[in-house]
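The residues making up each chain are set out below.
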Amino acid sequence: MSYEAEIAKKLLDAGVICVFADHENYQRLVQDNEIQESVENILASLGRKLVQSESGNAFYAVNAELNPDTKKEAKEHFRFLVRDARYYLDILEYFAESCEQDIYIQAGDKIHFSDMARALTHSNSLQEKLKRLLGNRADSDVSKMASRLLEDLVKSKLLILKDPQKLIYQFTGKLELIQQGLIFIVEQNRLGMEQDELVEGGQKGMSL
Amino acid sequence: MNTKHPVVKLIEDIYSSRELIATLYDCEGEGVLDNADPATKKQINKLSNLQLLISLHGDSYYLESDFTRLIDKGLRQDTISYLNSDVGNEIKKIKHVFDTYHEGKIKGQISVVRKNERELTKLFIAITQRFNTTAEELFKRVQANYGKMDYGNDRSRENQFYQDELEQLKESYHQVDKFLDAEAFQYDQLMINLSISYKGRTMGFFDKVSRTLTLLKEFAYRAREQEIRTEKLRALLDYIEMHPTDNFEDTENSVHECPVFMQMSDRMKSTIKVNSYPDIDNDAFEDAYGEMIEKIKAPTISSEPFTREVSRTTETGVIKRVREQSKADKLLISVLKSVISNDKPILASDALSNLKNSSLSLEYWLYFLRKNYSNNRRIGRRKIQTMFKIVPILDVKEGYSGNAVMKNVVISPKSYSHEAINQHYQGQFDVK
């Protein structure tokens, strides 16, 4: 199979080719114009086009045409994200606390299993958060719970096992796309923007 | 008998295997030690027993991660800090040698002058090289740190460390510069020549410093961007907690503007699962994909006769909503009055059941309460949030953005804490 075919196959299958999880194919797309053109041709013949994420660290395929069908599919995709929004945001909160940092984790960040288990052992709040994330699959053994969460994230392609010996995991470009989608919701709804200003503006007509 | 302290013994064991450790450290992961001689094998066994070396398979080994981190930490402190801490001594040395050289010149001691001339030249070459190599080293590490592309605490701390080092390095350079501008050196040709060549040779130093600074700024900018993204995502989390049933239907009509949603989700049936591989150089390509392309591109033509579905908005629906609003409004004001006069919390459902002959639905009443509260409506001249507390009682369900629906609401005076509300309802709702 040619490189073009391999890349196109992944993209058509809703895959994300990112510098972290698929370094070789990412480099091929970035450095080899011929490969990139061929991939674009294959995608175009199937009504798709190649798009790069905001950071430039990931490629993915989107519907090339904007028509009622593709709009409907975009809505469906949006509903999936809205349905899982709380889960993703809880994941982000969990890892921010686990890594003892204010900012949320992002694509490319690495997670050491040993660090994660250590943080869990010493923090009841983290244990509670993890239990909520795992639902009825929660366990009294924190190490088992940590493994379950990481396995879930690997299955959903948000995480890859970067170093199987040292158990180092890395977040993939898919996380960036999810964050991009969630931020779109925030911006469209002007969430967290000057509450008072909005209240004052919106309430003038409602005052008694 | 004098026995060695265990720490001393440990350090000696590590020291005796220093070359091996350095080799594995350079591998940045797995290192293959095939055809190892007996001495190396002995070192491998010793390090393995100390659990500083982990055996993988065959002749592959890697350094234990905590040990690697310790080396990382130590290395960060070496060359860069060394120059900064030592530059004062270098200056003192130059000054001392210059004084001896100057004195020799006055006294006409040729051998002393020549010896110190050579010494001064060496000192200048050494300090020039140290500035250049330190700047180079700092640049390399900042570049490597930048290339790691993550913005966690560790990376930020490391970056802050480099930023401090860079400032100190610049400070050290200016310290030397200022020292060379001293009046005592202005009349001596040797010092003038050495100063000129020092400045000429450290031109590269400034280039490296400015490139390092650019990378540090770029990193800080990217870290700030992630901070902004975090703030936005936290705002969404807060909103979902407050409005667990909101599915953002209003946003749906514009989602096609965001490329992320134009991607096929891997949970959707329309994702193309390719079992054979597209190859545009191959004639078989069209055959293999023809069917799929047809399926995607062909418009779906129904064989059924065309019938138009007419959507009707009845006037009665609108009137019903206006009436509900008016009732809910009256109820809201009477409930708030009673909460103030009784100074006790009340359940929204109880308030509704007290209303005689009400056709107001509980769902709409709860929605109306939350909407007015989150909009901080004014009653009289005071904002509602300054007088009351509206605490939702949630029922966790699947299929919603927040995975929870609001089943009731407690309306309480502002003075009531969540504990007081729980106490009032005797733990019936477990308000958090």
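Scoring rules and cut-offs
Residues numbered from 1 in each chain as written. Chains lettered and ligands numbered in written order. Predicted model: local features only at pLDDT ≥ 70, side-chain atom pairs only at ≥ 80, totals over all residues. Heavy atoms only, no water. Helix = DSSP H or I, 4+ residues; strand = E, 2+ residues; numbered from the N terminus. Buried < 20%, exposed > 50% of the residue type's maximum accessible area, 1.4 Å probe, protein only. Contact = heavy atoms within 4.5 Å. Areas by Shrake-Rupley, 256 points an atom, 1.4 Å probe, with all protein chains shown as cover. Pairing = 2+ DSSP bridges. Axes fitted to C-alpha atoms, helices over the stretch in contact; angles between N-to-C directions. Core = buried A, V, L, I, M, F, W, Y, C linked by side-chain atoms within 4.5 Å. Parallel < 35°, antiparallel > 145°, perpendicular 65-115°, else oblique. Left-handed = near helix turned anticlockwise from the far one by under 90°. Nonpolar A, V, L, I, M, F, W, Y, C, P; charged D, E, K, R; others polar. Patch = residues over 30% accessible without salt bridge, like charges linked within 9 Å, V, L, I, M, F, W, Y side chains within 5 Å. Salt bridge = Lys/Arg side-chain N within 4 Å of Asp/Glu carboxyl O. Lys, Arg positive; Asp, Glu negative; His and termini not counted. Charge placed at Lys NZ, Arg CZ, Asp CG, Glu CD. pLDDT = per-residue confidence, 0-100. Phe/Tyr/Trp six-rings, centres within 6.5 Å; stacked < 30°, edge-to-face > 60°. Arc of directions from axis to C-beta.

> What exactly am I supposed to notice about the overall build of chain A here?
Secondary structure summary: chain A contains nine helices and six strands in total. Out of the 208 residues belonging to chain A, those deemed buried represent 52%. Considering only residue pairs separated by 6 or more positions, chain A has 53% of its internal contacts joining residues 24 or more positions apart. On chain A, roughly 9800 Å² of surface is accessible, and the fraction owed to carbon and sulfur atoms is 45%.

> Explain the sheet that holds strand β3 (residues 60-63) of chain B here, please?
Hydrogen bonds along the backbone pair up the strands of a sheet, which may run parallel or antiparallel. Residue and element names in this part refer to chain B. The strand order across the open sheet built from three strands is β1-β3-β2, with neighbouring strands paired in antiparallel fashion. Each of the sheet's edge strands pairs with one partner strand only, and the pair in question is β1 (31-32) and β2 (53-55). Contacts from helix α2 (residues 18-27) reach β1, β2 and β3, with the element oriented near 90 degrees to β3.

> Sorry if this is basic, but what is going on with the nonpolar core here?
Across soluble globular proteins, nonpolar side chains show a tendency to be buried alongside one another. Ranked by internal contacts, the top residues of the largest apolar core, which has 57 residues, are Y94(A), F95(A), L149(A), L182(A) and L236(B). Tallying contributions element by element places helix α4 (residues 68-98) of chain A first for this core, with 12 residues. In this structure, L138(B), V142(B), Y173(B) and F179(B) belong to the second largest nonpolar core, which totals 35 residues.

> How should I be thinking about the packing of helix α6 (residues 110-147) of chain B against helix α10 (residues 203-242) of chain B in this particular structure?
To characterise two packed helices, one gives the angle between the axes of the helices and the distance between these axes. Residues and elements named next belong to chain B. One way to put it is that α6 packs onto α10 with a least axis distance of 9 Å and a crossing angle of 25 degrees. Compared by their axis directions, α6 and α10 come out roughly parallel. For the pair α6 and α10, the crossing hand works out as left-handed. Residues F131, N132, A135, E136, L138, F139, V142, Q143 and Y146 of α6 form the contact with α10, whose own contacting residues are F205, K208, V209, R211, T212, L215, L216, E218, F219 and R222. Broken down by class, the residue content of the contact of α6 with α10 amounts to 11 nonpolar, three polar and five charged.

> Sorry, what's going on with a positive patch on the surface here?
All names here are of chain B. A surface patch of positive charge is lined by R114, K115, R118 and K122. Looking at the secondary structure, you find R118 in helix α6. According to the relative accessible area criterion, R118 is exposed, its value standing at 54%.

> Is there a simple way to think about the pattern of salt bridges in this case?
Here the idea is simple: oppositely charged side chains can pair when their charged atoms come close. The tally for this structure, following the rule as stated, stands at 24 salt bridges over all chains. Between K105(B) and D188(B) there is a salt bridge whose closest N-O contact spans 2.9 Å. Taken as a pair, K105(B) in helix α5 (residues 79-107) and D188(B) in the loop between α8 (183-186) and α9 (189-201) lie far apart in primary sequence, 83 residues in all. Using a relative accessible area of 44% as the deciding quantity, one classes K105(B) as partly exposed. Members of the salt-bridge network, linked through shared partners, are R86(A), D90(A) and E241(B).

> What is the right way to read unusual backbone geometry from this model?
Most peptide bonds take the trans configuration, and most residues that are not glycine carry a negative phi. Residue and element names in this part refer to chain A. Even without being glycine, E100 reaches a positive phi, approximately 50 degrees. Phi at R190 takes a positive value of approximately 50 degrees, unusual for a residue other than glycine. Residue position: R190 is located in the loop between α8 (173-188) and α9 (195-203). Overall, the relative accessible area of 43% leaves R190 in the partly exposed class.

> I keep staring at the environment of V30(A) and nothing clicks. Help me out?
Relative to the helices and strands, V30(A) resides in helix α2 (residues 23-31). By relative accessible area, V30(A) is classed as partly exposed at 38%.

> Got a minute to help me understand the sheet that holds strand β3 (residues 58-63) of chain A in this structure?
Residue and element names in this part refer to chain A. Strand order in this open sheet of three strands is β1-β3-β2, and the pairing throughout is antiparallel. Among the strands making up the open sheet, the edge pair consists of β1 (17-18) and β2 (48-52). Of the strand pairs in this sheet, β2 and β3 are connected by five bridges, and their pairing is antiparallel. The partner of R48 across the bridge, within β3, is N63. Strands β2 and β3 of the sheet are contacted by helix α3 (residues 33-45), whose axis makes an angle of about 135 degrees with β2.

> Could you clarify how one ought to interpret the confidence of the model for chain B in this entry?
A low pLDDT score tells you not to read the predicted coordinates there in detail. Residue and element names in this part refer to chain B. When pLDDT is averaged along chain B, the result is 76, and 75% of the positions lie at 70 or above. Taken as a whole, residues 272-318 scores under 50 in pLDDT and shows 32 contacts with residues more than four places along the chain or in a different chain. Across the assembled chains, the prediction reports ipTM 0.89 with pTM 0.57.

> Mind showing me how you'd approach the pairing of strand β5 (residues 159-163) of chain A here?
Side-chain positions along a regular strand alternate between the two faces of the sheet. Pairing of β5(A) with strand β6 (residues 168-171) of chain A, which is carried by four bridges, proceeds in the antiparallel orientation. Its bridge partner lying in β6(A), D163(A) is registered against I168(A).

> What is the right way to read the packing of aromatic side chains from this model?
Pairs of aromatic rings are described using the distance from one ring centre to the other and the angle between the two planes. Residue and element names in this part refer to chain A. Summed over all chains, the structure comprises 16 aromatic pairs over all chains. Measuring from centroid to centroid gives 5.6 Å for Y26 and F59, while their planes differ by 50 degrees, and the two rings are tilted. One end of the pair, Y26, is in helix α2; the other, F59, is in strand β3, with 33 residues separating them in the sequence. Here the two residues Y26 and F59 agree in accessibility, since each one is buried.

> Would you take a moment to explain helix α5 (residues 113-122) of chain A for this structure?
Think of an α-helix as turning once every 3.6 residues; residues three or four places apart then point the same way. All names here are of chain A. The complete set of buried residues in α5 reads F113, M116, A117, A119 and L120. Looking down the long axis of α5, one finds its buried residues gathered within 160 degrees of arc, a one-sided arrangement. For α5, the elements touching its buried residues are α4, β4 (110-112), α6 (124-134), α7 (142-155) and β6.

> Sorry, what's going on with the packing of α4(A) against α7(A) here?
Residues and elements named next belong to chain A. The geometry of α4 relative to α7 is characterised by a closest axis approach of 13 Å and an angle of 130 degrees between their N-to-C directions. Comparing the axis directions of α4 and α7 gives the class oblique. Taken as a pair, α4 and α7 cross one another with a handedness that is left-handed. Residues Y87, I91, Y94 and F95 of α4 form the contact with α7, whose participating residues are L149, L150, D152 and L153. Its residues assigned to classes, the contact of α4 with α7 comprises seven nonpolar, no polar and one charged.

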